[in-house]
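Structural characterization, general
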Amino acid sequence: MPLSVYSLPWAAREPLLHEASWIKDLREAEADAWRRVRIHGGQPRQHFSDTATYVLSDAVKWLADAPANSIHAIVTDPPYGVVEYENKDHEKLRAGRGGVWRIPPSFDGSKRQPLPRFTVISHEELGKLHSFFSAVAYGMLRSLVPGGHLFVASNPLLSTMTFHAFQEAGFEKRGEVIRLVQTLRGGFKPKGAESEFPEVSGMPRSCWDPWGIFRKPFPGTIADNLRKWGTGGLRRISKDEPFKDVIACSPTRGIEKAIAPHPSLKPQRFLRQIVRASLPLGIGIVHDPFAGSASTLAACEHIGLKSIGCERDPLYFVSVL
Ligand SMILES: C[S@@+](CC[C@H](N)C(=O)[O-])C[C@H]1O[C@@H](n2cnc3c(N)ncnc32)[C@H](O)[C@@H]1O
(Lines give C-alpha, C1' and ligand atoms only; values in the text may rest on other atoms or scores of the structure.)
Protein backbone atom coordinates (compact mmCIF):
# COMPACT_ATOMS: atom_id res chain seq x y z
CA MET A 1 0.00 0.00 0.00
CA PRO A 2 1.70 3.28 -1.03
CA LEU A 3 1.86 5.18 2.22
CA SER A 4 1.62 8.58 0.56
CA VAL A 5 -2.01 7.88 -0.37
CA TYR A 6 -2.91 8.13 3.28
CA SER A 7 -1.12 11.39 3.95
CA LEU A 8 -4.31 13.23 4.75
CA PRO A 9 -4.30 16.04 7.29
CA TRP A 10 -6.14 13.90 9.83
CA ALA A 11 -4.14 13.70 12.99
CA ALA A 12 -0.55 14.69 12.53
CA ARG A 13 1.74 14.18 15.49
CA GLU A 14 0.97 16.89 17.98
CA PRO A 15 3.63 18.45 20.18
CA LEU A 16 3.55 16.70 23.53
CA LEU A 17 4.28 18.05 26.92
CA HIS A 18 7.22 20.29 27.75
CA GLU A 19 10.44 18.41 27.08
CA ALA A 20 11.24 17.10 30.55
CA SER A 21 14.49 15.15 30.86
CA TRP A 22 12.62 11.85 31.00
CA ILE A 23 11.01 12.67 27.62
CA LYS A 24 14.46 13.21 26.11
CA ASP A 25 15.50 9.84 27.56
CA LEU A 26 12.40 8.21 26.06
CA ARG A 27 13.11 9.67 22.64
CA GLU A 28 16.70 8.42 22.79
CA ALA A 29 15.54 4.95 23.84
CA GLU A 30 12.97 4.99 20.99
CA ALA A 31 15.67 5.91 18.44
CA ASP A 32 18.00 3.22 19.77
CA ALA A 33 15.26 0.54 19.70
CA TRP A 34 14.25 1.62 16.18
CA ARG A 35 17.85 1.24 14.90
CA ARG A 36 17.97 -2.32 16.29
CA VAL A 37 14.45 -3.47 15.45
CA ARG A 38 14.34 -2.45 11.80
CA ILE A 39 17.48 -4.42 10.94
CA HIS A 40 16.57 -7.39 13.14
CA GLY A 41 16.64 -10.78 11.33
CA GLY A 42 18.08 -11.68 7.96
CA GLN A 43 14.76 -11.65 6.06
CA PRO A 44 14.10 -9.45 3.01
CA ARG A 45 12.57 -6.11 3.92
CA GLN A 46 11.42 -2.85 2.47
CA HIS A 47 12.01 0.46 4.24
CA PHE A 48 8.97 2.44 3.05
CA SER A 49 10.29 5.55 4.78
CA ASP A 50 12.52 6.51 7.71
CA THR A 51 9.71 5.43 10.02
CA ALA A 52 8.09 2.36 8.38
CA THR A 53 9.62 -1.05 7.61
CA TYR A 54 7.91 -4.12 6.14
CA VAL A 55 9.57 -7.53 6.54
CA LEU A 56 8.91 -10.75 4.61
CA SER A 57 8.92 -13.18 7.52
CA ASP A 58 6.97 -15.63 9.59
CA ALA A 59 5.72 -13.65 12.60
CA VAL A 60 6.54 -16.33 15.19
CA LYS A 61 10.09 -16.62 13.89
CA TRP A 62 10.67 -12.84 13.79
CA LEU A 63 9.23 -12.34 17.28
CA ALA A 64 11.10 -15.32 18.77
CA ASP A 65 14.43 -13.49 18.76
CA ALA A 66 13.39 -9.86 18.32
CA PRO A 67 15.20 -7.65 20.85
CA ALA A 68 13.51 -7.94 24.26
CA ASN A 69 11.68 -4.81 25.52
CA SER A 70 11.99 -3.05 22.17
CA ILE A 71 8.40 -2.70 20.87
CA HIS A 72 5.96 -0.26 22.49
CA ALA A 73 2.64 -1.44 21.03
CA ILE A 74 1.28 -4.20 18.83
CA VAL A 75 -1.77 -3.66 16.61
CA THR A 76 -2.69 -6.66 14.55
CA ASP A 77 -5.36 -8.56 12.65
CA PRO A 78 -4.13 -12.16 12.78
CA PRO A 79 -5.10 -15.05 10.52
CA TYR A 80 -8.35 -16.29 12.11
CA GLY A 81 -8.14 -19.07 12.33
CA VAL A 82 -4.76 -19.98 10.86
CA VAL A 83 -6.22 -22.38 8.30
CA GLU A 84 -7.59 -19.70 5.95
CA TYR A 85 -4.07 -18.45 5.22
CA GLU A 86 -2.47 -21.89 4.97
CA ASN A 87 -1.31 -22.79 1.49
CA LYS A 88 -4.13 -25.25 0.72
CA ASP A 89 -6.99 -22.86 1.55
CA HIS A 90 -5.18 -19.76 0.39
CA GLU A 91 -4.72 -21.29 -3.07
CA LYS A 92 -8.44 -22.07 -3.14
CA LEU A 93 -9.20 -18.41 -2.35
CA ARG A 94 -6.93 -17.25 -5.16
CA ALA A 95 -8.47 -19.76 -7.57
CA GLY A 96 -11.96 -18.62 -6.50
CA ARG A 97 -12.94 -22.13 -5.39
CA GLY A 98 -14.23 -22.85 -1.89
CA GLY A 99 -12.14 -24.28 0.91
CA VAL A 100 -12.60 -22.42 4.17
CA TRP A 101 -13.43 -19.32 2.09
CA ARG A 102 -16.96 -18.72 0.90
CA ILE A 103 -18.43 -16.14 -1.46
CA PRO A 104 -21.31 -14.34 0.27
CA PRO A 105 -24.52 -14.32 -1.77
CA SER A 106 -24.85 -11.17 -3.85
CA PHE A 107 -28.24 -9.66 -3.12
CA ASP A 108 -27.77 -6.29 -4.78
CA GLY A 109 -26.15 -7.37 -8.03
CA SER A 110 -22.59 -6.58 -6.92
CA LYS A 111 -19.96 -9.26 -6.42
CA ARG A 112 -19.01 -9.82 -2.77
CA GLN A 113 -15.53 -10.49 -1.46
CA PRO A 114 -14.77 -13.98 -0.14
CA LEU A 115 -15.01 -14.38 3.65
CA PRO A 116 -13.37 -17.05 5.80
CA ARG A 117 -15.95 -19.62 6.89
CA PHE A 118 -15.11 -19.91 10.60
CA THR A 119 -17.97 -22.23 11.42
CA VAL A 120 -16.23 -25.10 9.57
CA ILE A 121 -13.17 -25.01 11.83
CA SER A 122 -12.86 -28.40 13.49
CA HIS A 123 -12.03 -29.14 17.12
CA GLU A 124 -8.53 -30.20 16.06
CA GLU A 125 -8.01 -26.96 14.13
CA LEU A 126 -9.16 -24.99 17.18
CA GLY A 127 -6.42 -26.71 19.20
CA LYS A 128 -3.92 -25.82 16.50
CA LEU A 129 -5.15 -22.24 16.52
CA HIS A 130 -4.72 -22.03 20.29
CA SER A 131 -1.12 -23.33 20.06
CA PHE A 132 -0.37 -20.85 17.31
CA PHE A 133 -1.68 -17.93 19.36
CA SER A 134 0.27 -19.13 22.40
CA ALA A 135 3.51 -19.11 20.40
CA VAL A 136 2.75 -15.65 19.04
CA ALA A 137 1.76 -14.38 22.50
CA TYR A 138 5.02 -15.45 24.16
CA GLY A 139 7.06 -13.69 21.47
CA MET A 140 4.94 -10.57 21.81
CA LEU A 141 5.29 -10.50 25.57
CA ARG A 142 9.10 -10.72 25.31
CA SER A 143 9.47 -8.01 22.70
CA LEU A 144 7.00 -5.53 24.22
CA VAL A 145 8.27 -3.07 26.81
CA PRO A 146 6.55 -3.25 30.22
CA GLY A 147 3.14 -1.58 29.96
CA GLY A 148 3.07 -2.02 26.16
CA HIS A 149 -0.43 -2.57 24.75
CA LEU A 150 -1.61 -5.19 22.29
CA PHE A 151 -4.75 -4.64 20.21
CA VAL A 152 -5.73 -7.86 18.45
CA ALA A 153 -8.62 -8.27 16.03
CA SER A 154 -10.94 -11.21 16.44
CA ASN A 155 -14.49 -12.28 15.69
CA PRO A 156 -17.35 -13.32 17.97
CA LEU A 157 -16.94 -17.05 17.22
CA LEU A 158 -13.27 -17.40 18.11
CA SER A 159 -12.41 -14.57 20.47
CA THR A 160 -12.97 -16.48 23.74
CA MET A 161 -10.39 -19.11 22.92
CA THR A 162 -7.82 -16.86 21.27
CA PHE A 163 -7.99 -14.13 23.91
CA HIS A 164 -7.45 -16.81 26.53
CA ALA A 165 -4.13 -17.75 24.88
CA PHE A 166 -2.86 -14.19 25.45
CA GLN A 167 -3.89 -14.24 29.10
CA GLU A 168 -2.28 -17.65 29.63
CA ALA A 169 0.97 -16.27 28.19
CA GLY A 170 0.99 -13.54 30.87
CA PHE A 171 -0.81 -10.55 29.34
CA GLU A 172 -3.41 -8.71 31.42
CA LYS A 173 -6.70 -8.22 29.62
CA ARG A 174 -7.69 -4.54 29.56
CA GLY A 175 -11.01 -4.76 27.76
CA GLU A 176 -12.14 -4.93 24.16
CA VAL A 177 -12.83 -2.42 21.44
CA ILE A 178 -16.10 -3.21 19.72
CA ARG A 179 -16.01 -2.22 16.10
CA LEU A 180 -19.60 -1.77 14.96
CA VAL A 181 -19.67 -2.96 11.36
CA GLN A 182 -22.28 -4.60 9.14
CA THR A 183 -20.69 -7.92 8.17
CA LEU A 184 -22.02 -10.70 5.96
CA ARG A 185 -21.40 -13.34 8.63
CA GLY A 186 -24.38 -15.32 9.92
CA GLY A 187 -28.05 -14.53 9.54
CA PHE A 188 -28.69 -17.20 6.89
CA LYS A 189 -31.69 -19.51 6.66
CA PRO A 190 -31.05 -23.26 7.12
CA LYS A 191 -29.12 -24.44 4.05
CA GLY A 192 -31.18 -26.43 1.57
CA ALA A 193 -34.38 -25.77 3.55
CA GLU A 194 -34.70 -22.01 3.14
CA SER A 195 -38.32 -22.10 2.01
CA GLU A 196 -39.31 -24.68 4.62
CA PHE A 197 -37.95 -22.49 7.45
CA PRO A 198 -38.22 -18.94 6.09
CA GLU A 199 -38.26 -17.35 9.54
CA VAL A 200 -35.20 -19.15 10.98
CA SER A 201 -31.49 -18.16 10.98
CA GLY A 202 -28.74 -20.51 12.08
CA MET A 203 -27.05 -17.71 13.98
CA PRO A 204 -27.34 -13.92 14.23
CA ARG A 205 -26.07 -11.69 11.46
CA SER A 206 -22.88 -10.33 13.00
CA CYS A 207 -22.80 -6.55 13.34
CA TRP A 208 -19.62 -6.14 15.38
CA ASP A 209 -15.99 -7.28 15.61
CA PRO A 210 -14.19 -7.53 18.94
CA TRP A 211 -10.59 -6.29 19.23
CA GLY A 212 -8.97 -7.59 22.42
CA ILE A 213 -6.95 -5.08 24.44
CA PHE A 214 -4.06 -6.57 26.43
CA ARG A 215 -1.14 -5.09 28.32
CA LYS A 216 2.25 -6.40 29.40
CA PRO A 217 2.31 -6.22 33.21
CA PHE A 218 4.61 -3.72 34.92
CA PRO A 219 5.52 -2.86 38.50
CA GLY A 220 4.50 0.49 40.07
CA THR A 221 2.09 3.11 38.84
CA ILE A 222 1.04 4.10 35.33
CA ALA A 223 2.75 7.47 35.85
CA ASP A 224 6.06 5.76 36.80
CA ASN A 225 5.82 3.51 33.75
CA LEU A 226 4.97 6.40 31.41
CA ARG A 227 8.14 8.16 32.52
CA LYS A 228 10.29 5.04 32.27
CA TRP A 229 8.96 3.34 29.11
CA GLY A 230 6.40 5.73 27.61
CA THR A 231 3.69 3.08 28.01
CA GLY A 232 1.09 1.75 30.45
CA GLY A 233 -1.89 3.88 29.41
CA LEU A 234 -3.82 4.78 26.28
CA ARG A 235 -3.69 8.08 24.49
CA ARG A 236 -6.85 10.12 24.98
CA ILE A 237 -8.71 11.63 22.05
CA SER A 238 -8.20 14.98 23.76
CA LYS A 239 -7.62 16.24 27.30
CA ASP A 240 -11.39 16.24 27.76
CA GLU A 241 -12.20 13.00 25.96
CA PRO A 242 -10.85 9.52 26.72
CA PHE A 243 -10.34 6.83 24.10
CA LYS A 244 -13.58 4.80 24.04
CA ASP A 245 -14.23 1.12 23.44
CA VAL A 246 -17.00 1.30 20.85
CA ILE A 247 -16.07 2.55 17.40
CA ALA A 248 -18.55 2.55 14.53
CA CYS A 249 -16.63 2.04 11.32
CA SER A 250 -18.12 0.86 8.05
CA PRO A 251 -16.33 -1.72 5.87
CA THR A 252 -13.15 -0.76 4.04
CA ARG A 253 -13.80 1.73 1.25
CA GLY A 254 -13.44 0.82 -2.42
CA ILE A 255 -10.59 3.29 -2.94
CA GLU A 256 -8.53 1.58 -0.21
CA LYS A 257 -9.32 -1.87 -1.64
CA ALA A 258 -8.25 -0.71 -5.08
CA ILE A 259 -4.89 0.36 -3.66
CA ALA A 260 -4.44 -2.74 -1.49
CA PRO A 261 -6.49 -5.68 -2.76
CA HIS A 262 -6.08 -7.86 0.35
CA PRO A 263 -9.06 -10.10 1.29
CA SER A 264 -8.93 -8.92 4.94
CA LEU A 265 -8.05 -5.25 4.44
CA LYS A 266 -8.87 -3.16 7.52
CA PRO A 267 -10.03 0.43 7.05
CA GLN A 268 -7.65 3.32 7.70
CA ARG A 269 -10.31 5.27 9.58
CA PHE A 270 -10.45 2.53 12.21
CA LEU A 271 -6.73 1.68 12.31
CA ARG A 272 -5.70 5.30 12.77
CA GLN A 273 -7.78 5.56 15.94
CA ILE A 274 -6.31 2.33 17.33
CA VAL A 275 -2.64 3.02 16.59
CA ARG A 276 -2.98 6.53 17.97
CA ALA A 277 -4.48 5.21 21.23
CA SER A 278 -1.83 2.48 21.52
CA LEU A 279 1.06 4.89 22.27
CA PRO A 280 -0.02 7.14 25.15
CA LEU A 281 2.72 9.73 24.60
CA GLY A 282 3.10 9.28 20.84
CA ILE A 283 6.61 7.91 21.44
CA GLY A 284 7.59 4.35 20.53
CA ILE A 285 7.39 1.64 17.89
CA VAL A 286 4.20 -0.10 16.74
CA HIS A 287 4.52 -3.66 15.42
CA ASP A 288 2.06 -5.58 13.23
CA PRO A 289 3.16 -9.26 13.04
CA PHE A 290 0.46 -10.07 10.41
CA ALA A 291 0.76 -6.97 8.31
CA GLY A 292 -1.02 -8.14 5.14
CA SER A 293 -1.20 -5.09 2.91
CA ALA A 294 0.72 -2.96 5.46
CA SER A 295 -2.44 -1.07 6.42
CA THR A 296 -1.31 -0.70 10.06
CA LEU A 297 1.99 0.75 8.84
CA ALA A 298 0.09 3.19 6.62
CA ALA A 299 -2.04 4.28 9.60
CA CYS A 300 1.08 4.81 11.76
CA GLU A 301 2.77 6.78 9.00
CA HIS A 302 -0.25 9.03 8.80
CA ILE A 303 -0.20 9.70 12.54
CA GLY A 304 3.59 10.12 12.58
CA LEU A 305 4.51 6.94 14.49
CA LYS A 306 7.29 4.44 13.83
CA SER A 307 6.10 1.03 12.70
CA ILE A 308 7.38 -2.34 11.58
CA GLY A 309 5.31 -5.16 10.08
CA CYS A 310 5.85 -8.80 9.13
CA GLU A 311 4.06 -10.71 6.39
CA ARG A 312 4.96 -14.24 5.41
CA ASP A 313 3.20 -14.42 2.04
CA PRO A 314 5.56 -13.30 -0.75
CA LEU A 315 2.63 -12.32 -3.00
CA TYR A 316 1.25 -9.82 -0.47
CA PHE A 317 4.78 -8.66 0.30
CA VAL A 318 5.48 -7.95 -3.37
CA SER A 319 2.05 -6.42 -4.02
CA VAL A 320 2.61 -3.51 -1.61
CA LEU A 321 6.08 -2.54 -2.82
C1 LIG B 1 -6.12 -11.09 8.44
S2 LIG B 1 -4.80 -10.80 7.40
C3 LIG B 1 -4.24 -9.18 7.83
C4 LIG B 1 -4.73 -8.14 6.89
C5 LIG B 1 -4.30 -6.74 7.28
N6 LIG B 1 -4.93 -6.33 8.52
C7 LIG B 1 -4.64 -5.74 6.19
O8 LIG B 1 -5.43 -4.80 6.46
O9 LIG B 1 -4.13 -5.86 5.09
C10 LIG B 1 -3.57 -11.83 8.09
C11 LIG B 1 -2.27 -11.84 7.31
O12 LIG B 1 -1.34 -12.63 8.05
C13 LIG B 1 -0.54 -13.35 7.12
N14 LIG B 1 0.03 -14.49 7.88
C15 LIG B 1 -0.56 -15.68 8.16
N16 LIG B 1 0.25 -16.44 8.93
C17 LIG B 1 1.38 -15.69 9.14
C18 LIG B 1 2.58 -15.90 9.87
N19 LIG B 1 2.80 -17.05 10.54
N20 LIG B 1 3.51 -14.91 9.89
C21 LIG B 1 3.30 -13.73 9.21
N22 LIG B 1 2.18 -13.48 8.49
C23 LIG B 1 1.23 -14.44 8.45
C24 LIG B 1 -1.48 -13.72 6.00
O25 LIG B 1 -0.78 -14.00 4.80
C26 LIG B 1 -2.36 -12.47 5.91
O27 LIG B 1 -1.87 -11.56 4.96
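Residues numbered from 1 in each chain as written. Predicted model: local features only at pLDDT ≥ 70, side-chain atom pairs only at ≥ 80, totals over all residues.

Topic: the overall build of the protein
Which entries qualify depends on this criterion: Think of it this way: any DSSP run of H or I at least four residues long counts as a helix, any run of E at least two long counts as a strand, and we number them from the N terminus. To sort residues by exposure, count the other C-beta atoms lying within 10 Å of each residue's C-beta; 20 or more gives buried, 12 or fewer gives exposed, and values between give partly exposed, all with C-beta atoms placed from the backbone. Working definition of a contact: two residues with C-beta atoms, positioned from the backbone, lying within 7 Å.
Of regular secondary structure, the protein possesses 10 helices and 11 strands. Split into buried and exposed, the 321 residues of the protein put 39% on the buried side. Taking contacts inside the protein between residues at least 6 apart in sequence as the whole, the part at least 24 apart equals 71%.

Regarding the site of the ligand
This is how it is decided: Nearness here is judged by the C-beta atom: place it from the backbone, and if it falls within 6 Å of a molecule or strand, the residue counts as near that partner. Residue classes follow a fixed rule: Ala, Val, Leu, Ile, Met, Phe, Trp, Tyr, Cys and Pro count as nonpolar, while Asp, Glu, Lys and Arg count as charged, and any other residue, Gly among them, counts as polar.
Near the ligand, the surroundings consist of 19 residues, among which Ala-59, Asp-77, Phe-290, Gly-292 and Ser-293 are the closest. Put simply, the parts of the chain that give the shell around the ligand at least two residues each are α2 (59–64) and β11 (306–311). Counted by class, the shell around the ligand contains eight nonpolar, five polar and six charged residues.

Looking at helix α5 (residues 159–169)
The following threshold applies: Of all possible arcs, the one meant is that of the directions from the helix axis to the C-beta atoms.
The complete set of buried residues in α5 reads Thr-162, Phe-163 and Phe-166. For α5, the buried positions fall inside an angular range of 100° around the axis, keeping them on one side. Elements in contact with the buried residues of α5: α4 (123–143), β6 (144–153), β7 (172–180) and β8 (208–215). Positive phi appears at Gly-170, one or two residues downstream of α5, with a value of about 125°.

Description of the environment of Leu-180
Locating Leu-180 in the fold gives a position in strand β7. The exposed category is assigned to Leu-180, around which 12 C-beta atoms lie within 10 Å. Considering only alpha carbons, one finds Leu-180 and Ile-247, 67 residues apart in sequence, at a separation of 6.1 Å. Each residue touching Leu-180, except ones within four places of it in the same chain, is listed here: Cys-207, Trp-208, Val-246 and Ala-248.

A short note on the environment of Leu-144
Inspection of the secondary structure puts Leu-144 in strand β6. Leu-144 sits 76 residues away from Ala-68 along the chain, and the two C-alpha atoms are 6.9 Å apart. Setting aside chain neighbours within four positions, we find Leu-144 in contact with Ile-71, Ile-74 and Lys-216.

Quick look at the packing of α4 against α5
Rules: Here an axis means a line fitted to C-alpha atoms, over the contact stretch when the element is a helix, while the angle between two N-to-C directions is reported on a 0 to 180 degree scale. Under this scheme an angle from 65 to 115 degrees is roughly perpendicular, one under 35 degrees roughly parallel, and one over 145 degrees roughly antiparallel; angles in between are oblique. Left-handed describes a crossing whose near helix is turned anticlockwise from the far helix through less than a right angle; right-handed describes the clockwise counterpart.
Contact geometry for α4 and α5: axes closest at 8 Å, N-to-C directions at 40°. Between α4 and α5, the angle falls in the class oblique. Crossing handedness for the pair α4 and α5: right-handed. Contact residues: Leu-126, Leu-129, His-130, Phe-133, Ser-134, Ala-137, Tyr-138 and Leu-141 in α4; Met-161, Thr-162, Ala-165, Phe-166, Glu-168 and Ala-169 in α5.

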